[in-house]
Amino acid sequence: MQGQFQLTDDQLAIQEVAQRFTTDQITPHAAEWDEKHIFPRDTIQRSAELGFGAIYVSEESGGIGLGRLEAALIMEAMAYGCPSTSAFISIHNMAAWMIDRFGGDAVKAKYLPQLITMEHIASYCLTEPSSGSDASALRTTARRDGDHFVINGTKQFISGAGANEIYAVMVRTGEDGPKGISCVVIEKDMPGVSFGANEKKLGWHSQPTAQLILEDVRVPVENLVGGEGEGFRIAMMGLDGGRLNIGACSLGGAQRCLDEAIQYTKDRKQFGQAVAEFQNTQFMLADMATDLEAARALLYLAAAKVTDNAPDKTRFSAMAKRLATDNGSAVVDRALQLFGGYGYLQDYPIERFWRDLRVHSILEGTNQIMRMVVGRDLLRQ
């Protein structure tokens, strides 16, 4: 029975490549990126040399054409060093996949080559100031004018806004509700595109976050991704994979903190013995490891379902995202407790992971929305 739950040799090799890249390129610098709010564009672009700029872009289009489980392994490995940077790479991959999967030949030829190499980096733009969880209520409009759309609106909490060159934007081309939403590709340098101030965030300091502001932006109709009215469906399909990746980022960050806590409690001595020798410490570590492995098993299963386009893929993606992000944050919080006062200091990595993982239960759909997705799907059976 054990064999069917093990990673394949190819998957283990992909995981090892990502782990080695993290050890060499991410982990040694992550604390400085966080403290000084450095956007590590060069490091991110170096990941593209391994194919990590086009993880599930098809091989026909120049990507490496991997499945969602392989993508989760990559994100988990990189989050061991820096969840913020790993999540940023995930968002780029979501946008690149949308263009490859649903874009016409013209839009793919125009944008994919530079996205694959990450010479250009892409943002995913759905959320607005007045529509977060109620995403289908978005107000950004796209009015047809000949062979262009004229676009007006504001997108909120956009990772990479102002720094990235390409934006996959959900706009309203038709009626109210999800059926009136379309997806278009907008370039940073198009007239009428501007950005808000960089947000001052609790965590995710290694990536810029700002509003995307669109004022009478003329976008060629050929930049449409999918057909008119298909944008919301495309956005939700993108989120199936995005939720897996953000859950994987929680797994990677939590695993790092568990490993740090094990080593720290072995080294730290109180009352004449190592803290790790106290039964209470061992119980805490045991629960942390168990919660982490349970979330990992569900996330890997959900990733396989999304790759296979299983009918219950959205439900399992939501379940896995909710469990991985909740458990991941809880593991990091307990690791901080085991470090005591030192865990609260920036001299140690735990507090950075505590801050970075906190947003994971909010973005890609809040964990309350994940419960709604699961509950509604169960009731439809």
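Residues numbered from 1 in each chain as written. Predicted model: local features only at pLDDT ≥ 70, side-chain atom pairs only at ≥ 80, totals over all residues. Heavy atoms only, no water.

A. Region of the structure containing the layout of surface pockets. The space that makes up the largest pocket amounts to roughly 1,400 Å³. Elements with a minimum of two residues in the lining of the largest pocket: helix H5 (83–102), strand S3 (148–159), helix H7 (231–267), helix H9 (313–339), helix H10 (350–358) and helix H11 (367–380). Ranked by residues supplied to the lining of the largest pocket, first place goes to H7 with 7 residues. Residue classes in the lining of the largest pocket are distributed as 19 nonpolar, 11 polar and 13 charged. (1 Å grid on protein atoms, 1.4 Å probe; cavity = no way out; pocket = protein on both sides within 12 Å on 5 of 7 lines; lining within 4 Å. Points joined across faces, edges and corners; volume = space filled by probe spheres on them. Helix = DSSP H or I, 4+ residues; strand = E, 2+ residues; numbered from the N terminus. Nonpolar A, V, L, I, M, F, W, Y, C, P; charged D, E, K, R; others polar.)

B. Representation of unusual backbone geometry. The backbone of Met118 shows a phi angle near 60 degrees, a positive value even though the residue is not glycine. Within the secondary structure, Met118 sits in the loop between helix H6 (105–116) and strand S1 (122–125). Given the relative accessible area of 0%, Met118 is considered buried. Of note, Phe157 is a non-glycine position whose phi angle comes to about 60 degrees, a positive value. (Buried < 20%, exposed > 50% of the residue type's maximum accessible area, 1.4 Å probe, protein only.)

C. Quick peek at the packing of aromatic side chains. Counting across every chain of the model gives 8 aromatic pairs. Measuring from centroid to centroid gives 5.8 Å for Tyr342 and Tyr348, while their planes differ by 65 degrees, and the two rings are edge-to-face. Tyr342 sits in the partly exposed class, given a relative accessible area of 37%. Since its relative accessible area comes to 29%, Tyr348 is described here as partly exposed. Members of the aromatic cluster, each reached through a chain of ring pairs, are Tyr264, Phe339, Tyr342 and Tyr348. One Lys or Arg, Arg144, reaches over the ring of Phe149 and ends 5.7 Å from the middle of that ring. Its end group placed over the ring of Phe316, Lys305 keeps NZ or CZ at 4.5 Å from the ring centre. (Phe/Tyr/Trp six-rings, centres within 6.5 Å; stacked < 30°, edge-to-face > 60°. Lys NZ or Arg CZ within 6 Å of the ring centre and 35° of its normal.)

D. Up close: the pattern of salt bridges. Counted by the stated rule, this structure contains 19 salt bridges. The shortest N-O distance in the salt bridge between Arg233 and Glu230 comes to 3.7 Å. Overall, the relative accessible area of 44% leaves Arg233 in the partly exposed class. Among the salt bridges present, the one from Lys305 reaches Asp312, with a minimum N-O distance of 3.2 Å. Residue Lys305 is classed as buried on the basis of its relative accessible area of 19%. One network of salt bridges, in which partners are shared, links Asp34, Glu351 and Arg355. (Salt bridge = Lys/Arg side-chain N within 4 Å of Asp/Glu carboxyl O.)

E. Local environment of the packing of H9 against H11. At a minimum axis distance of 9 Å, the contact between H9 and H11 shows a crossing angle of 145 degrees. In the crossing of H9 with H11, the sense of the turn from one axis to the other is left-handed. Of the residues in H11, those touching H9 at Thr314, Arg315, Ala318, Met319, Lys321, Arg322, Thr325 and Asp326 are Asn367, Met370, Arg371, Val373, Val374, Asp377 and Leu378. When its residues are assigned to classes, the contact of H9 with H11 shows 6 nonpolar, 3 polar and 6 charged. (Axes fitted to C-alpha atoms, helices over the stretch in contact; angles between N-to-C directions. Left-handed = near helix turned anticlockwise from the far one by under 90°. Contact = heavy atoms within 4.5 Å.)

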